[in-house]
Amino acid sequence: MMQKLEPGRVRDGIEQFFHRQADATGASAEEIALYIESVLGAEVARSSVRSYLRLNTPNKFERVARGKYRLVRENA
């Protein structure tokens, strides 16, 4: 059974991932979730990661390929 995380933990983990790990080619929800799980030590719902990415595209993230996202570039 998946442990319920506190509000904002997935969001914070996604933002931390992009500031520390991601490169210009982007990352998938699976890659991001695995990173968050390694940091939090708890299972993360892939649907929560996908939902946050989708809801914050194109303001924070841009879709670079099917299922791959990266931070919006300042000088794109």
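Everything below is about the structure shown above.
Thresholds, definitions, all that
- Throughout, residues of each chain are indexed from 1 in the direction in which the sequence is written.
- The predicted nature of this model means local features are confined to residues of pLDDT at least 70 and side-chain atom pairs, given and counted, to a pLDDT of 80 or more, with totals for whole chains, interfaces and linings taken over all residues.
- Heavy atoms from the whole structure form the basis of all side-chain values; hydrogens and water molecules are not counted.
- In this description, strands pair whenever DSSP reports at least two bridges between them.
- A helix here means a DSSP run of H or I that spans at least four residues, while a strand means a run of E at least two residues long, and both kinds are numbered starting from the N terminus.
- For Phe, Tyr and Trp, rings pair up if their centres lie within 6.5 Å, where Trp contributes its six-membered ring, and each pair is then called stacked (planes under 30 degrees apart), edge-to-face (over 60) or tilted (otherwise).
- When accessible area is computed with a 1.4 Å probe and restricted to protein chains, residues below 20% of their type maximum are described as buried, those above 50% as exposed, and intermediate ones as partly exposed.

## So, the pairing of strand 3 (residues 68–71)
Here two bridges tie strand 1 (residues 27–28) to strand 3, and the two strands are oriented antiparallel to one another. For Ala27, the partnering residue across the bridge sits in strand 3 and is Tyr69. Sheet topology note: the strand 2 (residues 61–65)/strand 3 ladder contains four bridges and is antiparallel. Among the inter-strand pairings, Glu62 is bridged to a residue of strand 3, identified as Arg70. Hairpin connection from strand 2 to strand 3: two residues lie between these consecutive antiparallel strands, with Gly67 at a positive phi of about 75°.

## Concerning the sheet that holds strand 3
Across the sheet, three strands lie side by side as 1-3-2; this open sheet has antiparallel pairing. Strand pairing shows two members of the sheet lacking a second neighbour, strand 1 and strand 2, which therefore form its edges.

## A word on the packing of aromatic side chains
For the structure on display, the rule yields four aromatic pairs. Note on Phe17 and Tyr35: the rings are 5.4 Å apart at their centroids and 65° apart in plane angle, and the pair reads as edge-to-face. On the criterion of sequence distance, the pair formed by Phe17 in helix 1 (residues 9–20) and Tyr35 in helix 2 (residues 29–40) is long-range, its members being 18 residues apart. Residue classification places Phe17 among the buried positions, given a relative accessible area of 7%. Taken together, a centroid distance of 6.0 Å and an interplanar angle of 70° make the contact between Tyr52 and Phe61 edge-to-face. Residue Tyr52 shares its accessibility class with Phe61, and that shared class is buried. Here a set of aromatic residues connected by ring pairs shows up, and it is made of Phe17, Phe18, Tyr35, Tyr52 and Phe61.

Just geometry here; none of it tells us what the structure is for.
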